[in-house]
Structures are given as C-alpha cells and as structure tokens.
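Tertiary structure, described
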Amino acid sequence: MATSTPLPLDSGRSKFKTGLWITLGLTVLFVFITSEVFLFADYPMYHAYRLQVIADRHLLIPHTLAGTLALLIGPINFSSRIRRRYLQLHRVLGRIYVISVFVGAFTGIALATGRPGLPGTSMQAAAWIVCTVAALITARNRQIAQHRQWMARSYAVTFTFVSSRILNLWPRYWSHLGDTFSAVGVIAFTLASLLLVDLGLNWRELTSRRA
C-alpha cells in the first residue's frame, strides 16, 4: 500500500510564506515605533509634521483607518486554510478590503491636493485602485489564479504605505517630506514593490527551462 508524503515544494512554500509574513509584521512594528510613536510625544524633529497631521485629521483619520483595515485583511485573506474553511468570511473581508482601498486612495489624493507630493500620491493611488479592481473582476469571473496574482499586486501597493516610511529615518528624505523629492520616493517604492511581486509570481517560469 502506497503512502503519501507532503511534497518538499509545498513545505518550502509554506515556510517562505511564514517567513514573509513575519518579516512584514516586524517591518510594520519597526515603522510604527520609529515614525508614528514620536507624533504622540511631539518629538522636535516631527513637530511641524505633527501640526500638519492635526490640521488634516478630518481626512487623515478615514485614510488611516482604511489603510489599516486593508493592511490587516491582507494576511487573513491570503491564508489558504482560512479561505477553505471560511469562504464566506473570505468574501466579506474581500469586499471590505476593496472599499478600504477606494477610501484610502481618494482620501490620500485629497490630502495631497495642492501640495508637491500630489504626483507621487496620485500614482500610488492609481496603481492601488487598478490592481484591486483587476482582482475584483477576476474574482467575479472565477479566474482564481489570476485573482490571487492581482491581489498580491494590490497588497504590495498597500504595504508601500508602511515600507516607504522606512525612508523617514534618512534625515535628508525627512527634510523633504511632502515635496517633490519624497514624491519620487513614493513612486519608486510603488514600482519596486510591484516589480518584486511580479518576479515572485513568475519566478518558476523565469528559472525553469522547457524540455
């Protein structure tokens, strides 16, 4: 009688996913401690930015809540185990994710309107919406493989709201926060995130030869 054993590929993929989520979680924690906590303490270097945040709170609060929801929903909906056992939850969270993306994108553009950072924010928001809408369309068409790929791209853009803040630790970047220089940084992070995800999605095809 033959016995089945887990495929090494599946085991390796599972370990990679676990390592990836741990890395992303640590990045979120690092950025929160080094960038956001100081806003509450009124750290001198952040004082001007803190005043701007307070002035923009009517847009910043829904923008932050929407971005946080999208950030938290991603890992849950990428879980194959949760998706198999709780498909309805997966769908409900998916709808909330889509709404969060639209709210986050449009409030982000509104926050940047009239400021030098508008081109970077607009490009980021456009990429976020396009990838999310593509994920929604493929889900409705039951193109599951394509849906997962577009969701991976969408979440990559979602995570740029965290990863781009790593640059805040660079004094030169921080001194240009909100102007054209930082807008270029946002665009670069968005494009780099999408490129990395596409390389990951197509890695097997890129590294294997046809017989």
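Residues numbered from 1 in each chain as written. Predicted model: local features only at pLDDT ≥ 70, side-chain atom pairs only at ≥ 80, totals over all residues. Heavy atoms only, no water.

Right, let's get into unusual backbone geometry. Backbone geometry places R142, a non-glycine residue, at a positive phi of 60 degrees. Assignment of secondary structure puts R142 in the loop between α6 (118–140) and α7 (144–163). (Helix = DSSP H or I, 4+ residues; strand = E, 2+ residues; numbered from the N terminus.)

What follows deals with a positive patch on the surface. Residues K17, R81, R84, R85 and R148 make up a contiguous surface patch of positive charge. With three residues, helix α4 (residues 80–85) is the largest single contributor of residues to the positive patch. Position of K17 relative to the elements: it lies in helix α1 (residues 8–41). Exposure remark for K17: the relative accessible area of 33% places this residue in the partly exposed category. (Patch = residues over 30% accessible without salt bridge, like charges linked within 9 Å, V, L, I, M, F, W, Y side chains within 5 Å. Areas by Shrake-Rupley, 256 points an atom, 1.4 Å probe, with all protein chains shown as cover. Salt bridge = Lys/Arg side-chain N within 4 Å of Asp/Glu carboxyl O. Lys, Arg positive; Asp, Glu negative; His and termini not counted. Charge placed at Lys NZ, Arg CZ, Asp CG, Glu CD. Buried < 20%, exposed > 50% of the residue type's maximum accessible area, 1.4 Å probe, protein only.)

Formed by 21 residues in total, the largest nonpolar core has its most connected members in Y97, W128, Y155 and F159. Take this core: its biggest share by element is six residues, from α6. Non-local contacts of Y155, meaning those with residues more than four positions away in its chain, are made with W21, L24, A70, L71, G74, P75, F78 and Y97. (Core = buried A, V, L, I, M, F, W, Y, C linked by side-chain atoms within 4.5 Å. Contact = heavy atoms within 4.5 Å.)

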